[in-house]
Amino acid sequence: MVAIPQQPQKMTIEEYLEWEPYQDVRYEYVNGEVFAMTGGTIPHNDIALNFYTALRPHLHSRGCRVNVSDVKVQVNSKSPYYYPDVIVSCDPIDLNARKFIQNPKLIAEVLSPGTSAKDRGEKFTYYLSMPTLQEYILIDSEKISVERYSRGEGRMWLYYPYTTGDIITLSSIELEFPIELLYEGVVFETET
């Protein structure tokens, strides 16, 4: 989904958390500014739902939760708040959360031309600063390509690229699946 800057109004986190539930669209919050979230493409939605569908039964038996698109993550207590495409948490605080996830184990973003720079830049930097995050997954919506960043020792993050025919390994939740599962039923632009 594409974040479009809202009118240049500044608000505190408290004001944002009180104001946002009453809006017609979702808003991300970064350093006092709010950004309206626009709708994504059908492939974007299909990929996120395919990922969610693969994760849910696996995680449910492990006492973890998985959410898509409409659940925000609090990166830290000051800012920002984002809406990842898929978010996994096994933290007891998050299992009963009502407003946002604080301690994610895995975050995934489905890339599109309008969101790729933000997902690889600003969000990437903020997400990797979260101490509980173990894996950050970038899923391309225009071709079969997945990138996985996995927490290593200290401040190191390990990079794993995947493409057609590969088996994706999510070590943080002990799950493996073929990359094609994410793209099941997805029609790429060149196929229409």
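Everything below is about the structure printed above this text.
The following refers to the structure shown. Because the structure is predicted, anything quoted here is derived from the model rather than measured. (Residues numbered from 1 in each chain as written. Predicted model: local features only at pLDDT ≥ 70, side-chain atom pairs only at ≥ 80, totals over all residues. Heavy atoms only, no water.)

## A word on the overall build of the protein
Right, so step 1: The secondary structure content of the protein amounts to 5 helices and 14 strands.
Right, so step 2: Its C-alpha atoms give the protein a radius of gyration of 16 Å, within 12% of the compact-globule value 16 Å for 192 residues.
Right, so step 3: Considered along the principal axes of its C-alpha atoms, the protein spans approximately 45 × 40 × 30 Å.
Right, so step 4: Within the protein, residue pairs in contact and separated by at least 24 positions form 53% of the contacts whose partners lie at least 6 positions apart.
Right, so step 5: Taken as a whole, the protein presents about 9,900 Å² of accessible surface, with 53% of it coming from carbon and sulfur. (Helix = DSSP H or I, 4+ residues; strand = E, 2+ residues; numbered from the N terminus. Rg over C-alpha atoms; globule rule 2.2 N^0.38 Å. Contact = heavy atoms within 4.5 Å. Areas by Shrake-Rupley, 256 points an atom, 1.4 Å probe, with all protein chains shown as cover.)

## Regarding the nonpolar core
Right, so step 1: Counting residues in each nonpolar core, the largest one holds 26 residues, and the members touching the most others are F51, L55, I139, V146 and L170.
Right, so step 2: Elements supplying a minimum of two residues to this core: α2 (42-60), β7 (86-89), β9 (106-111), β10 (135-140), β13 (167-170) and β14 (175-178).
Right, so step 3: Among all residues touching I139, those that are not within four sequence positions of it are I47, F51, A108, E109, V110, L111, S145, V146, L182 and Y183.
Right, so step 4: Counting 18 residues, the second largest nonpolar core, distinct from the first, contains V75, M130, L138 and W157. (Core = buried A, V, L, I, M, F, W, Y, C linked by side-chain atoms within 4.5 Å. Buried < 20%, exposed > 50% of the residue type's maximum accessible area, 1.4 Å probe, protein only.)

## Here's the deal with unusual backbone geometry
Right, so step 1: One non-glycine residue, S69, lies in positive phi territory at about 45°.
Right, so step 2: Checked against the element boundaries, S69 lands in the loop between β4 (65-68) and β5 (72-74).
Right, so step 3: Positive phi, close to 55°, is recorded for E174, a residue that is not glycine.
Right, so step 4: Mapped onto the fold, E174 is located in the loop between β13 and β14.
Right, so step 5: With relative accessibility at 56%, the residue E174 sits in the exposed group.

## Examining the state of the cysteines
Right, so step 1: The full count for this structure, using the stated rule, is 1 disulfide.
Right, so step 2: Each sulfur in the disulfide pair C64 and C90 lies 1.9 Å from the other. The S-S bond linking C64 to C90 shows a torsion near 105°; that makes this disulfide right-handed. Taken together, the residues span a long stretch of sequence, with C64 in the loop between α2 and β4 and C90 in the loop between β7 and α3 (92-95) at a distance of 26 residues.
Right, so step 3: For C64, a relative accessible area of 13% gives the class buried.
Right, so step 4: Classification of C90 as partly exposed rests on a relative accessible area of 23%. (Disulfide = S-S within 2.5 Å.)

## Regarding the sheet that holds β10
Right, so step 1: Strand order in the open sheet formed by 6 strands is β4-β7-β9-β10-β11-β12, with mixed pairing between adjacent strands. With partners counted over all chains shown, the strands left at the sheet margins are β4 and β12 (157-163), one partner each. Averaged over all adjacent pairs, the angle separating strand axes in this sheet is 15°, with direction ignored.
Right, so step 2: Both β7 and β9 contribute to a ladder of 3 bridges, which runs antiparallel. Directly across from V88, in β9, lies its bridge partner L106.
Right, so step 3: Across the sheet, α2 touches β4, β7, β9 and β10, and the angle it forms with β4 is around 170°. (Pairing = 2+ DSSP bridges. Axes fitted to C-alpha atoms, helices over the stretch in contact; angles between N-to-C directions.)

## What about the environment of E180?
Right, so step 1: Here E180 is to be found in the segment after β14.
Right, so step 2: Look at E180 and you get partly exposed, because its relative accessible area is 33%.
Right, so step 3: Sequence separation between E180 and S145 is 35 residues; the distance between their C-alpha atoms is 9.8 Å.
Right, so step 4: Polar side-chain contacts of E180 include one of 2.7 Å to the backbone nitrogen of G165. (Polar contact = N/O pair within 3.5 Å; in protein donor to acceptor, adjacent residues only side chain to side chain.)

## Quick look at the pairing of β13
Right, so step 1: Alternating residues of β13 divide into I168 and L170, all buried, and I167 and T169, none buried.
Right, so step 2: Note: β13 against β14, 4 bridges, orientation antiparallel. Each residue of the ladder has a partner; that of T169, found in β14, is E176.
Right, so step 3: Connecting β13 to the antiparallel partner β14 that follows it, the hairpin turn spans 4 residues, and E174 within it adopts a positive phi of roughly 55°.

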